[in-house]
Amino acid sequence: MRIILGFLLLPMLSFCQKHINQSRDGVMKDLKNYKPGSISPLFAETDSTITMSVKGTDFLPADFIYEFDKTGKCKSEKVIASCDSCINKWLQATLKMGKYGWKKINENQYVSKFEDRMMIELPPEGAMNNYTILRMEWTKVLYDLLTSAK
């Protein structure tokens with residue numbers, strides 16, 4: 001079962017993290033090209049978000065919410081799952097993507113390498129069913145303070 005789950009998660013991982021700073025049209029094009037097996041993702045849009053919902057018995061159900069700034073660039077990606085263990089699997093898969101060099105700075109936050117300018121925020125104590133990847137506008141001084149505080 002774990003091997004099957006790994007193969008099902010692998011294609012989705014290409015969508016985690018990579019949309020930060022991408023245009024709204026670019027995000028939607030990538031998402032519409034995503035076909036996880038026999039599951040058809042559902043989409044909803046507002047003026048500032050795109051939501052992709054993936055549901056199915058052979059897949060970890062989740063919602064992916066992409067939020068855009070006033071210039072139309074993706075500023076955050078939120079992953080919401082129906083259970084703690086489901087969201088933990090998504091989070092662990094995100095953290096294992098070596099490209100961004102995720103580093104834990106406290107119980108609720110991870111930062112990417114400085115040049116990627118991203119942060120993962122987990123909800124405060126309690127049931128965890130989501131996490132958010134945010135685009136950050138930090139300076140090198142602030143980044144160094146964040147990463148040396150641990």
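Just so it is clear, the model here is predicted, and its values are computed rather than measured.

Enquirer: Give a description of the overall build of the protein chain that names residues and reports values.
Expert: Within the protein chain, the regular secondary structure consists of 4 helices and 8 strands. Along the protein chain, helices and strands appear, N-terminal first, in the series α-α-β-β-β-β-α-β-β-β-β-α. For the protein chain, the proportion of its 150 residues judged to be buried stands at 44%. Excluding contacts between residues fewer than 6 apart, the proportion of contacts in the protein chain whose partners are at least 24 apart in sequence is 43%. Carbon and sulfur atoms make up 56% of the accessible area of the protein chain, which amounts to about 8500 Å² in all.

Enquirer: Account for the packing of aromatic side chains, naming residues and giving values.
Expert: Applying the stated criterion across every chain, the model contains 4 aromatic pairs. Each ring, one from Phe64 and one from Trp90, has its centre 5.3 Å from the other, and the planes form 85 degrees; the classification is edge-to-face. You can see Phe64 sitting in strand E3 (residues 62-68) and its partner Trp90 sitting in helix H3 (residues 84-95), a full 26 residues away along the chain. The exposure class of Phe64 is buried, given its relative accessible area of 2%. Residues Phe114 and Tyr143 carry aromatic rings whose centres are separated by 5.5 Å and whose planes lie at 65 degrees to one another, so their mutual orientation is edge-to-face.

Enquirer: Describe in detail the nonpolar core, supporting the description with residues and values.
Expert: Within the largest apolar cluster, 31 residues are counted, with the highest numbers of intra-cluster contacts made by Phe64, Trp90, Trp102, Ile120 and Tyr131. Sorting the residues of this core by element identifies helix H2 (24-32), strand E2 (49-54), E3, strand E4 (74-81), H3, strand E7 (118-121) and strand E8 (130-135) as the ones contributing at least two each. No other element matches the 5 residues that H3 contributes to this core. Counting residues in hydrophobic clusters, the runner-up holds 6 residues, among them Ile105, Val111, Trp138 and Tyr143.

Enquirer: Please provide a residue-by-residue account of the environment of Thr51, values included.
Expert: Mapped onto the fold, Thr51 is located in strand E2. Along the primary structure Thr51 and Phe64 are separated by 13 residues, whereas in three dimensions their C-alpha atoms are 5.6 Å apart. Excluding anything up to four places from it in sequence, Thr51 contacts Leu42, Phe43, Ala44, Phe64 and Ile65.

Enquirer: Before we move on, could you go through the pairing of E8 and cite the residues and values that matter?
Expert: Where burial is concerned, most of E8 is hidden: 5 out of the 6 residues are buried. The sheet contact formed by E4 and E8 spans 5 bridges and is antiparallel. Across the sheet, residue Ser76 finds its bridge partner in E8, namely Leu134. In the sheet, E7 pairs with E8 via 4 bridges, with the strands oriented antiparallel. The residue bridging Met118 from the neighbouring strand is Arg135, located in E8.

Rules of the game
- Here the residue numbers are simple positions, counted from 1 along each chain's written sequence.
- Given that the model is predicted, a residue must reach a pLDDT of at least 70 before its local features are reported, and side-chain atom pairs must reach 80 or more before they are shown or counted; all residues, however, enter totals for whole chains, interfaces and linings.
- Derived side-chain values reflect all non-hydrogen atoms in the structure, with water molecules and hydrogen atoms excluded from consideration.
- Note on conventions: DSSP H or I runs of at least 4 residues are helices, E runs of at least 2 residues are strands, and numbering of each starts at the N terminus.
- For every residue, the accessible area obtained with a 1.4 Å probe (protein chains only) is divided by the maximum for its type, and the residue is called buried under 20%, exposed over 50%, and partly exposed between those limits.
- In what follows, a contact means two residues having at least one pair of non-hydrogen atoms within 4.5 Å.
- Areas reported here follow the Shrake-Rupley algorithm with a probe of radius 1.4 Å; residue values treat only the protein chains shown as occluding.
- Only Phe, Tyr and Trp rings are paired, with Trp represented by its six-membered ring, and only when their centres lie within 6.5 Å; those with planes under 30 degrees apart are stacked, over 60 edge-to-face, the remainder tilted.
- Joining through side-chain atoms within 4.5 Å is the link that ties buried Ala, Val, Leu, Ile, Met, Phe, Trp, Tyr and Cys residues into a set, and such a set is a nonpolar core.
- Here, any two strands with at least 2 DSSP bridges between them count as paired.

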